[in-house]
Amino acid sequence: FREFSKDMKRWAALFQIRALTSRYKLHKYAAEMVSTGRKTVCIDRPLWADTVFALILFQQGFMSKPEWELYRDLLGEMKRELRYPDVMLYLKATPEKCKERIDRRKRPEELGIPLSYLQALHDGHDMYMNDMSNFTRVITVEWDTFEMPMNELNKQIEDAAMETRRFMKDIRRL
């Protein structure tokens, strides 16, 4: 991440392909765990969410069109082998709150992240989660001030996982 944060134009495509590959491996491992009887597997960020970052980098000129097309082709092939999560938990925070938390952490590689970039990520994630609700159950939790008891959140997740719904088929997989 350090090289990427120092020279985004040079490292954006490689960084995103590395992140995509890492998430793909994690999903394959999670699928193996489920197939061997593990009831619950939790992943911090699904493979599909990585596209929000990649798209913004492309739109802002940090990835070239051929790099973006390669990224999309790789994602398309990876998606063919994976199933959607049963439930997605969206921890939604405003860009201002994210910036405040970044500033408080004081990680060198995060210094200087502009609020406009965080706003683009926020908007991209909103759109992404709206799209994902066509394929899986999405629970949105306002994350600026989280005050819900954990047992209540766990109940929401369990209820959503048990809910019977029909979802649109992802025609982009075909």
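Rules of the game
- The numbers attached to residues start from 1 for each chain and follow its sequence in the written order.
- For this predicted model, a pLDDT threshold of at least 70 governs which residues receive local features, and a threshold of 80 or more governs which side-chain atom pairs are given and counted, while totals over whole chains, interfaces and linings are taken from all residues.
- The side-chain values count all of the structure's non-hydrogen atoms but skip hydrogen atoms and water molecules.
- Strands are runs of DSSP state E lasting at least 2 residues, helices are runs of H or I lasting at least 4, and numbering of each runs from the N terminus.
- Just to be clear, the radius of gyration here is over C-alpha atoms, and the globule rule we use is 2.2 Å times residues to the power 0.38.
- For every residue, the accessible area obtained with a 1.4 Å probe (protein chains only) is divided by the maximum for its type, and the residue is called buried under 20%, exposed over 50%, and partly exposed between those limits.
- Working rule for contacts: check all heavy atoms of both residues, and any pair within 4.5 Å makes them a contact.
- Each accessible area is a Shrake-Rupley result for a 1.4 Å probe, and residues are judged covered by the shown protein chains and nothing else.
- Positive charges come from Lys and Arg alone, negative charges from Asp and Glu alone, with His and the N- and C-terminal ends not counted.
- Every charge is mapped to an atom, namely NZ of Lys, CZ of Arg, CG of Asp or CD of Glu.
- Every residue is assigned a pLDDT by the predictor, reflecting its confidence on a scale from 0 to 100.
- Only the stretch in contact is used when fitting a helix axis, every axis being a line fitted to C-alpha atoms; angles between N-to-C directions are given from 0 to 180 degrees.
- Orientation is classified from the angle alone, with under 35 degrees giving roughly parallel, over 145 giving roughly antiparallel, 65 to 115 giving roughly perpendicular, and any other angle giving oblique.
- Helices are assigned an expected span. That span is 1.5 Å times one less than the residue count.
- Only Phe, Tyr and Trp rings take part, Trp by its six-membered ring, and two of them pair if their centres are within 6.5 Å. Stacked means planes under 30 degrees apart, edge-to-face means over 60, and tilted covers everything else.
- A pair of sulfur atoms, both from cysteines and within 2.5 Å, is called a disulfide here.
- Salt bridge, as used here: a side-chain nitrogen of Lys or Arg that lies within 4 Å of a carboxyl oxygen of Asp or Glu.

Caption draft 1: Representation of the overall build of the chain within the structure. For the chain, the helix and strand inventory stands at 7 helices and 2 strands. Moving toward the C terminus, one meets the helices and strands of the chain in the order α-α-α-α-β-α-α-β-α. Its C-alpha atoms give the chain a radius of gyration of 17 Å, near enough to 16 Å, the size a compact globule of 174 residues would have. C-alpha atoms of the chain, sized along the principal axes, occupy 45 × 40 × 25 Å. Taken over 174 residues, the chain has a buried fraction of 32%. Long-range pairs, those at least 24 residues apart, make up 74% of the contacts in the chain between residues at least 6 apart in sequence. As displayed, the chain offers around 11600 Å² of accessible surface, 54% of which is attributable to carbon and sulfur atoms. Charge centroids of the chain, computed over 31 positive and 27 negative side chains, lie 3 Å from each other.

Caption draft 2: Expanded view of the confidence of the model for the chain. Considering every residue of the chain, the mean pLDDT works out to 86; 92% of them sit at 70 or more. When the criterion is pLDDT under 50, residues 168-174 qualifies, and its contacts beyond four places in sequence or with other chains add up to 16 contacts.

Caption draft 3: Structural view of the packing of helix 2 (residues 8-35) against helix 4 (residues 65-80). For the pair helix 2 and helix 4, interaxial distance at closest approach is 10 Å and the crossing angle is 5 degrees. In terms of axis orientation, helix 2 runs roughly parallel to helix 4. Contact residues: Ala13, Gln16, Ile17, Leu20, Thr21 and Tyr24 in helix 2; Glu67, Leu70, Tyr71, Leu74, Leu75 and Met78 in helix 4.

Caption draft 4: Expanded view of helix 6 (residues 115-132). Over its 18 residues, helix 6 extends 25 Å from the first C-alpha to the last, a length consistent with the 26 Å expected when each residue adds 1.5 Å. Those residues of helix 6 that are buried are in contact with helix 3 (50-59), strand 1 (87-92), helix 5 (95-105) and strand 2 (137-142).

Caption draft 5: Quick look at the packing of aromatic side chains. A full pass over the atoms with the stated rule returns 4 aromatic pairs. Aromatic pair Phe58 and Trp68: ring centres 5.4 Å apart, planes at 10 degrees, arrangement stacked. With Phe58 in helix 3 and Trp68 in helix 4, the pair connects residues that are 10 residues apart, well separated along the chain. Residue Phe58 is classed as partly exposed on the basis of its relative accessible area of 26%. In this structure Trp68 comes out as buried when scored by relative accessible area, which is 10%.

Caption draft 6: Main features of the state of the cysteines. Taken as a whole and assessed by the stated rule, the structure comprises 0 disulfides. For Cys42, which is in no disulfide, the shortest distance to another cysteine sulfur is to Cys98 and amounts to 18 Å. Assessed through its relative accessible area of 74%, Cys42 is described here as exposed.

Caption draft 7: Representation of the pattern of salt bridges within the structure. Within this structure, the stated rule accounts for 11 salt bridges. For Lys97, the salt bridge is made with Glu100, and the minimal N-O distance between the two is 3.2 Å. Here Lys97 and its partner Glu100 are both found in helix 5, 3 residues apart, which amounts to about one turn of the helix. Note on Glu100: relative accessible area 38%, which makes it partly exposed. Linking Arg105 and Glu110 is a salt bridge whose minimum nitrogen-to-oxygen distance equals 3.1 Å. Here the salt bridges share partners, and the residues they tie into one network are Arg23, Asp44 and Asp50.

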